[in-house]
Amino acid sequence: MAAREISRMAVVGAGVMGAGIAQIAAQAGIQVMLFDQREGAADNAREGIITTFSKLLAKGRISEEAAQAATALLKPVKNLDELRDCQLVVEAIVENLEAKRALFAELETLVADDCILASNTSSLSVTAIAAQCRLPGRVGGFHFFNPVPLMKIVEVIDGLQSEPWVGATLLALGERFGHVAVRAQDTPGFIVNHGSRGFGTEAMRVLTESVVDEVGIDRILREQAGFRMGPCELFDLTGLDVSHPVTESIYAQYYQEPRYRPTVITRQRLDAGLLGRKTGQGFYRYVEGVAQVPVELPAPQVDLPPVWVSQVRPQARERVLQLLDTLGARVEMGAQPSDDALCLVLPLGDDATSSSIREGLDPLRTMALDTLLPLERRRVLMTTVVTEARWRDAAHCLFAGDGVAVSVIRDSAGFVSQRVLAQVVNIACDMAQQGVASPEDIDRAIRLGLGYPQGPLSWGDALGAENILYVLNQLHAFYRDPRYRPSPWLMRRAWLGLSLLTRES
């Protein structure tokens, strides 16, 4: 059934999210009634929106006529029965299943049978919310992100009993609001919160292995991999009282799926009250809201030995040889290194120790370099478990020779970025396999909702699906942990040389 035109709607819950939804609806020319059971909350929300319009007007982002027209469409109401003529009611109340069910039960006694009841829930099942409704087919999810006017993405969620016209109407409305509207099935975390599992959980796994510290992992994933924020910065921003329970909830809802397994690190910090910025202490300490980040020490200055580069991955080796040439390094080109050479391996999904053993190299003077990502950005070196300090410092000095920052980490299968990116891509692939949403919508929603430089499926294509698959297979073999098992979606497309965005025929 085709989408229906909406001209009158209501928002129940006039907090930050509800006010944001009301603002963009009014700006789209829709009459919006605001209701909140808290005395004066709806009026305050309207005044806050008007203040926002004034700021936008001062910055030239909205005309005076548009601000006045939108303001005229905002109407606070004191009783739910004033919503009788609405074509759509969006609830943005407390994230509690019974509270949402009770609200919808009351609304069903008031509104017409063709009025859509939409939930802005971020974590609850739309199907469960609708289950006790008289007409569950008219219930859908309409999940916005904070701040609503700036986060240009909205998830439209179909519950098991949702009528097709409900989702179609909400999709059209989201686009009318100026947002990218994506359609998802009712699964834990929907698209964005589900897709975000790979970044934070794998980063915390890296920390539990003492591969690198909090500052180091943030620098690597921000500067080498290109994420807008590092995982520890992000946890501090959102607050562990918000992010950790979501992680536990999705893990539980998927019946302990290993890919989503939380770590003790965030649980302990939550128990200790180290929530992040809001408490002044999280992974970082905050003074007047500013994170206290230690200055990165300069690279050691040492005499440079000759360097020998592994020949196992010829294309990666060629890129490294070109870089070494610009750095003025003395490169040994023999089949085996001399006794005086720094040995450089280029593992994909492997660790430095096993790579040195496999290639018959001296692990005392072996270092590994991550070549999956561009070498023009922050470079990541990795020691074996026995690499001597002088060889570690020599590699650090060498690869920092042109001013590019270098991180030196302890041994880890898959370095840091390889591990995290492989999980991000693999989880998105499994979402496509499950039919959570179309591959295109998964890519768009995660890119916009999480601020990633690329959607995870596009990112996987850019890195090479075969490379992601190889990393996962190596991690799975090394750790023997099912969290690293590749998705069937990824495997089949890597085998056939297809884009990860390719749908089933």
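These numbers come from a predicted model, not from an experiment.

(A) Here's a closer look at the layout of surface pockets. When its volume is computed, the largest pocket comes out at roughly 1500 Å³. Around the largest pocket sit 49 residues that line it, and Phe 145, Asn 146, Asn 193, Thr 238 and Val 242 are the ones nearest its centre. Only α1 (16–27), β6 (139–144), α7 (192–195), α8 (197–208), α10 (231–238), α11 (240–253) and α17 (439–450) provide two or more residues apiece to the lining of the largest pocket. Counted by class, the lining of the largest pocket contains 23 nonpolar, 20 polar and six charged residues. Of the volumes computed, that of the second largest pocket is approximately 630 Å³. Along the walls of the second largest pocket sit 23 residues, with Asp 213, His 396, Ser 407, Val 408 and Ile 409 positioned nearest its centre. Among the secondary structure elements, those contributing two or more residues to the lining of the second largest pocket are α9 (214–224), α15 (389–399) and β16 (406–409).

(B) Region of the structure containing the pattern of salt bridges. Applying the stated criterion across every chain, the model contains 34 salt bridges. In this structure, Arg 205 engages Asp 481 in a salt bridge whose closest nitrogen and oxygen atoms are separated by 3.1 Å. Here Arg 205 is found in helix α8, whereas its partner Asp 481 is found in the loop between α19 (465–479) and α20 (488–496), with 276 residues between them in sequence. Residue Arg 205 is classed as buried on the basis of its relative accessible area of 14%.

(C) The packing of aromatic side chains, seen in detail. Under the counting rule described, the total for this entry stands at twelve aromatic pairs. Aromatic pair Phe 142 and Phe 177: ring centres 6.3 Å apart, planes at 45°, arrangement tilted. You can see Phe 142 sitting in strand β6 and its partner Phe 177 sitting in the loop between α6 (164–176) and β8 (180–185), a full 35 residues away along the chain. You can call Phe 142 buried: its relative accessible area is 0%. According to the relative accessible area criterion, Phe 177 is buried, its value standing at 7%. An aromatic cluster of at least three residues, connected via ring pairs, comprises Phe 199, Phe 227, Tyr 452 and Trp 459. The positively charged end of Arg 4 is found above the aromatic ring belonging to Trp 165, 3.5 Å away from the centroid. If you follow Arg 483 out to its NZ or CZ, it ends over the ring of Tyr 484, 5.5 Å from the centre.

(D) The sheet that holds strand β2 (residues 31–35), seen in detail. Strands sit in the order β3-β2-β1-β4-β5-β6-β7-β8 across an open sheet of eight strands; the sheet is mixed. Every interior strand has two partners, whereas the edge strands, β3 (74–76) and β8, have only one. The sheet shows a mean angle of 25° between the axes of neighbouring strands, direction not considered. In terms of strand pairing, β6 meets strand β7 (residues 153–158) through five bridges, oriented antiparallel. Bridge pairing in β7 places Gly 140 opposite Asp 158. Running at roughly 155° to β3, helix α2 (residues 41–58) makes contact with β2 and β3 of the sheet.

Rules of the game
- Residues numbered from 1 in each chain as written.
- Predicted model: local features only at pLDDT ≥ 70, side-chain atom pairs only at ≥ 80, totals over all residues.
- Heavy atoms only, no water.
- 1 Å grid on protein atoms, 1.4 Å probe; cavity = no way out; pocket = protein on both sides within 12 Å on 5 of 7 lines; lining within 4 Å.
- Points joined across faces, edges and corners; volume = space filled by probe spheres on them.
- Helix = DSSP H or I, 4+ residues; strand = E, 2+ residues; numbered from the N terminus.
- Nonpolar A, V, L, I, M, F, W, Y, C, P; charged D, E, K, R; others polar.
- Salt bridge = Lys/Arg side-chain N within 4 Å of Asp/Glu carboxyl O.
- Buried < 20%, exposed > 50% of the residue type's maximum accessible area, 1.4 Å probe, protein only.
- Phe/Tyr/Trp six-rings, centres within 6.5 Å; stacked < 30°, edge-to-face > 60°.
- Lys NZ or Arg CZ within 6 Å of the ring centre and 35° of its normal.
- Pairing = 2+ DSSP bridges.
- Axes fitted to C-alpha atoms, helices over the stretch in contact; angles between N-to-C directions.
- Contact = heavy atoms within 4.5 Å.

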